[in-house]
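Fold and geometry: a report
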Amino acid sequence: MKVVWMLALLAACGGGEDTDAKVDADADTDADSDADADTDADSDADTDADADADTDADTDADPDADGDGYPLSVDCNDADDSIHPGATEVCDGIDQDCANGPDDGLTFDTWYADLDHDGYGDPGASTVACAAPPSTVDDGTDCDDTDDAIHPGATEVCDGIDQDCANGPDDGLTFTTWYADADRDGFGDPAVYGMACAQPVGAVADGTDCDDTQASIHPGATEVCDGIDQDCANGPDDGLTFTDYYPDLDRDGYGDPSAPVNACTVPFEYVADGTDCDDADPDRSPGTAEVCDGFDQDCTGVADDGLPLITWYLDRDGDGYGRGSPVQSCQTTYEGYVSDATDCDDWRPEVHPGSVELGCNAIDEDCDGTTAPGDWSVPGDFATIVDAVAAADPGDAICVAPGTYTGLLDVRKDLDIVGTGPGVVLSTGNGNRVYAAASGYQRLSNLTLDGRGVEPLVQVSPQATLEMNDITVTGLGCSAFCDGLVAYQYPQSHLLVRRLSIADATVGVGHQIRGLFGGGGDELLIEDTWLGDFELLTSGGSFLIGGMSGVTLRNVTLERITTAPGTTFFLLGDLAGELVDVTVRDVDVDGGARVVVAKTQGSSIATGFVADGNTLTTTGGSEVAVLSADGVLSVRNSLFVDNTLSSPSTAHVVSAANDLDLAFSTFVGNGGQGVPLVAARAPLSGEISSSVFADGPMDAEILMNAAVTVDWSDLWTSGTALVDPSLTPVAWSAWRSTRSSTQASARSPGRR
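Within each chain, residues carry numbers counting from 1 in the order of the written sequence. The model is predicted, so local features are restricted to residues of pLDDT at least 70 and side-chain atom pairs to those at 80 or more, both for listing and for counting; the totals for chains, interfaces and linings are taken over all residues. With hydrogens and water stripped out, all remaining heavy atoms of the structure feed into the side-chain values.

Our focus in this paragraph is the overall build of the protein. Here a helix means four or more residues in a row that DSSP labels H or I, a strand means two or more in a row labelled E, and each is numbered from the N terminus. For the protein, the count of helices and strands is 5 helices and 52 strands. Classification of residues uses two cut-offs on accessible area relative to the type maximum, computed with a 1.4 Å probe and protein chains only: under 20% is buried, over 50% is exposed, and between them is partly exposed. Within the span of the protein, comprising 752 residues, buried residues form 43% of the whole. Residue contacts follow a heavy-atom distance rule, with two residues in contact if any of their heavy atoms lie within 4.5 Å. Residue pairs in contact within the protein that sit at least 24 positions apart in sequence constitute 53% of those at least 6 positions apart. Surface exposure here means Shrake-Rupley accessible area, sampled with a 1.4 Å probe, where a residue is shielded only by the protein chains that are shown. As displayed, the protein has an accessible area near 34,700 Å², and 52% of this comes from carbon and sulfur atoms.

Within a sheet, each strand pairs with its neighbour through backbone hydrogen bonds, oriented either parallel or antiparallel. A pair of strands is considered paired only if DSSP assigns at least 2 bridges between the two. The strand order across the open sheet built from 3 strands is β2-β1-β3, with neighbouring strands paired in antiparallel fashion. Of all strands in the sheet, those bounded by a partner on one side alone are β2 (126-129) and β3 (136-137). As paired strands, strand β1 (residues 109-113) and β2 are joined by 4 bridges and run antiparallel to one another. When the bridges of β2 are listed, Tyr112 appears paired with Ser126.

To continue, consider the state of the cysteines. Two cysteine sulfurs form a disulfide in these notes if their separation is within 2.5 Å. This structure, assessed with the given rule, holds 10 disulfides. In this model Cys91 forms its disulfide with Cys130; the gap between the sulfur atoms is 1.3 Å. Across the S-S bond linking Cys91 and Cys130, the dihedral sits near 85°, which makes this disulfide right-handed. With Cys91 in the loop between α3 (39-55) and β1 and Cys130 in the loop between β2 and β3, this pair connects stretches of sequence that are 39 residues apart. Given the relative accessible area of 29%, Cys91 is considered partly exposed. Disulfide partner of Cys143: Cys165, at an S-S distance of 1.8 Å. Sign of the S-S torsion, about -80° for the bond between Cys143 and Cys165, identifies this disulfide as left-handed. Taken together, the residues Cys143 in the loop between β3 and β4 (176-180) and Cys165 in the loop between β3 and β4 connect sequence positions 22 residues apart.

This brings us to the environment of Gly105. Within the element layout of this structure, Gly105 appears in the loop between α3 and β1. The exposure class assigned to Gly105 is exposed, which follows from its relative accessible area of 82%. With 15 residues separating them in the primary sequence, Gly105 and Val90 have C-alpha atoms 9.5 Å apart.

A few words now on the nonpolar core. For this analysis, a nonpolar core means a set of buried residues of the types Ala, Val, Leu, Ile, Met, Phe, Trp, Tyr and Cys, connected via side-chain atoms within 4.5 Å. Grouped together as the largest cluster of nonpolar side chains are 91 residues, with contacts concentrated most on Phe517, Leu544, Leu553, Phe609, Phe640 and Val654. Ranked by the residues each element gives to this core, the list is headed by strand β33 (residues 568-592), at 9 residues. Not counting residues up to four positions away in its chain, the partners in contact with Leu553 are Ile526, Leu544, Ile545, Leu572, Glu578, Leu579, Val580 and Val582. Core analysis: the next-biggest nonpolar cluster, separate from the first, contains 5 residues, Leu358, Ala397, Cys399 and Val418 among them.

Moving on: the side chain of Asp252. Locating Asp252 in the fold gives a position in the loop between β7 (243-247) and β8 (261-263). Under the convention used here, Asp and Glu are negative, Lys and Arg are positive, and both His and the chain ends fall outside the count. Basic side-chain nitrogens of Lys or Arg form a salt bridge, by our definition, when they fall within 4 Å of a carboxyl oxygen of Asp or Glu. With no salt bridge to any partner, buried Asp252 finds its closest opposite charge in Arg284, at an N-O distance of 8.7 Å. Engagement of the side chain of Asp252 in a polar contact is seen with the backbone nitrogen of Tyr254, the distance being 3.0 Å. Setting aside residues no more than four positions away along its own chain, Asp252 makes contact with Asp276, Asp279, Asp281, Pro282, Arg284 and Ser285. Polar contact criterion, stated in full: a pair of N or O atoms within 3.5 Å, where within protein one must be able to donate a hydrogen and the other to accept it, and residues adjacent in sequence count only if both atoms are side-chain atoms.

Our focus in this paragraph is the pattern of salt bridges. Applying the stated rule across the entire model yields 17 salt bridges. Across the pair Arg554 and Glu527 runs a salt bridge, and its minimum N-O distance is 2.4 Å. Here Arg554, found in strand β32 (residues 548-563), pairs with Glu527, found in strand β29 (residues 523-536); they are 27 residues apart in sequence, far enough to count as distant. Given a relative accessible area of 13%, Glu527 falls into the buried group. Across the pair Asp661 and Arg636 runs a salt bridge, and its minimum N-O distance is 2.9 Å. Of this pair, Asp661 sits in strand β43 (residues 659-663) while Arg636 sits in strand β39 (residues 632-636), and the two are 25 residues apart along the sequence.

We now examine unusual backbone geometry. Comment: phi is negative for the bulk of residues other than glycine, and the bulk of peptide bonds are trans. For the bond from Val378 to Pro379, the omega torsion is -15°, close enough to zero to count as cis. With respect to the element layout, Pro379 can be found in the loop between β13 (376-378) and α4 (385-391). One non-glycine residue with positive phi stands out, namely Ser135, at about 60°. Tracing the backbone shows Ser135 in the loop between β2 and β3. Of note in the backbone geometry, Asp170 takes a positive phi value of approximately 60° without being a glycine. Tracing the backbone through its elements, the reader meets Asp170 in the loop between β3 and β4.

Turning our attention to the environment of Pro326. Position of Pro326 among the secondary structure elements: in strand β11 (residues 326-329). In sequence terms Pro326 and Tyr313 are 13 residues apart; their C-alpha atoms lie 5.0 Å from each other. Aside from chain neighbours lying at most four places away, what touches Pro326 is Thr311, Trp312 and Tyr313.

A few words now on the confidence of the model for the protein. Confidence scores here are pLDDT values: one per residue, from the predictor, ranging 0 to 100. With 80% of its residues at a pLDDT of at least 70, the protein reaches an overall mean of 80. Every residue in residues 716-752 scores below 50 in pLDDT, and together they form 70 contacts with partners more than four places removed in sequence or on other chains.

With that settled, consider the sheet that holds β11. With antiparallel pairing, 3 strands are arranged side by side in an open sheet as β11-β10-β12. Pairing within the sheet leaves two strands with one partner each, and these edge strands are β11 and β12 (337-338). In terms of strand pairing, strand β10 (residues 310-314) meets β12 through 2 bridges, oriented antiparallel. Looking across to β12, one finds that Tyr313 is bridged to Val338.

Right, dumping it as structure tokens:
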């Protein structure tokens, strides 16, 4: 602004002198020294004017064009009658008195720009003049010439601006400490504050907030049980009611008393009741009905309390009758114990009430307090057993002393033949059968049968029932087709075998066997028998049974049996009936066209069946199986482990042709060439439940056939489990959890 004002003054003072050409010659000095930029124009004018004046001889008087009484020769502006020597100088930038320049003799003052017209000028924008230029004042104390509210003496306002231009912004006002209130709850953060003469936006005068990020947290807020100090006093959850809560991991509504937590509200998976005695079992808690399983379901500290007790007696020989000190239990079954205490000899399974008195010994088989000496003795009453049989009446007992007796016994009456000690041997002597049960109910007990290469040793005809108890067989041999080495049955016959032992047996190379027991009787029972350490050179057939119906095997073990390659081999072949606690272990069979450990017909049941470490191989590309049925097959509580099956055709651990019912069974480590663990050989229906299929050594088809229902079973393998896509298995962990109480109730004291 100062610059504008100076240029205006210079223009006003120098404009009149340049127009006088005659005076220019005398005034060149002034003009040339003038800061006027128009130097060339002055030179041209001076030259022309001087030449004319010098040559002009005109002697006329000086003109006075403006009539101010001063001729041109002394008037500095003969066009303006207010300008002449002696005129009063006026402050306008013009030299009125034609002496000492414009405005000479006048008083000059400093003037300050007052752009906001508040009467106070900008000290940084000043000019010196003999009169006040426009928008200027003689006071240069304004500190902001753009705002008319800001100047000395103005009223100070709290806005961070120095309105009175003294002592800085907001001087003289009252300053207060304000605190940031970020959560707008009316309470500020004591760590974020500042001084101000007025309340800043987002700040309050109260600096007692303990969390300025949460509007619900401030002094006076309602305390909530969440581990946070809502009212900013006395810590989290102050003033609330605290209670002990207990972890309830099994979610039965009762907590573990050993791990309480004091809290003002119930934590997740905690309860107020801390009286659980097993927080891992939802079936054990106060108020739960007690179950007879040796566990304390109702958490009273006593297992099975309140349940009715049964008195049990130890049954060492497993004959169903016990004796000795009683044991009380609520269980309806107690392993190794029975509720009957009437056994008179708990070391002999054949001795118990209801047993048949064999006679021929000093043993009271039926526990009636007496012994039967027998009706006849050999030798003694008769020299040979044949003579004694001929003379005996139905129901008699023939007592045979140790020795070897030859000749065929053809018995057609109810009769007991009992060895009175070890070494009672019945032998053919003539290459014929040893014993023929033609009719009646007959018993052979405590004897050795010596076949000397003859088969069958024993023949059971229609309408006959034969019991063979504690029998040892020696001298078996097969030099051709063997249709029953130990015994052969005809239809309508019954054979009951208990505690059989075979000392040795030979089946020649290339010869066929149709079973140690062959034929087609109505009933075959084999109990408490171990058969093993056989090496068969057979070319085909069945080892234990051939072509039999109504077969029951109970507590039978087949172990360490090896066969040479043949056309067909069944370890338990062509049978229909029931397998209870049958174990097949360490069997190595190469059957050529077809190898099956257990091949059943019709409707068959396998309970407690164990197949462990068997190797089955075919070379002809036909079926290989551990347990195979041509009809309906039910498998319960069985174990199939580490069985290797090799066949270029089909191999199954368990298979059935018509219907399969499999439950509570385990398959571990089975594998081989193309092995579906459980499969159908024809359209199959049935159910697989509560079973485990684990650790297949190779990628194998675990289940085959969409018609089979699978539930509560675990299907997993170290390879890729190939399961029919229509099957929906349920996780083993879920099955285990669901069945935990059921399994617990089935435990017996002997297995804890």
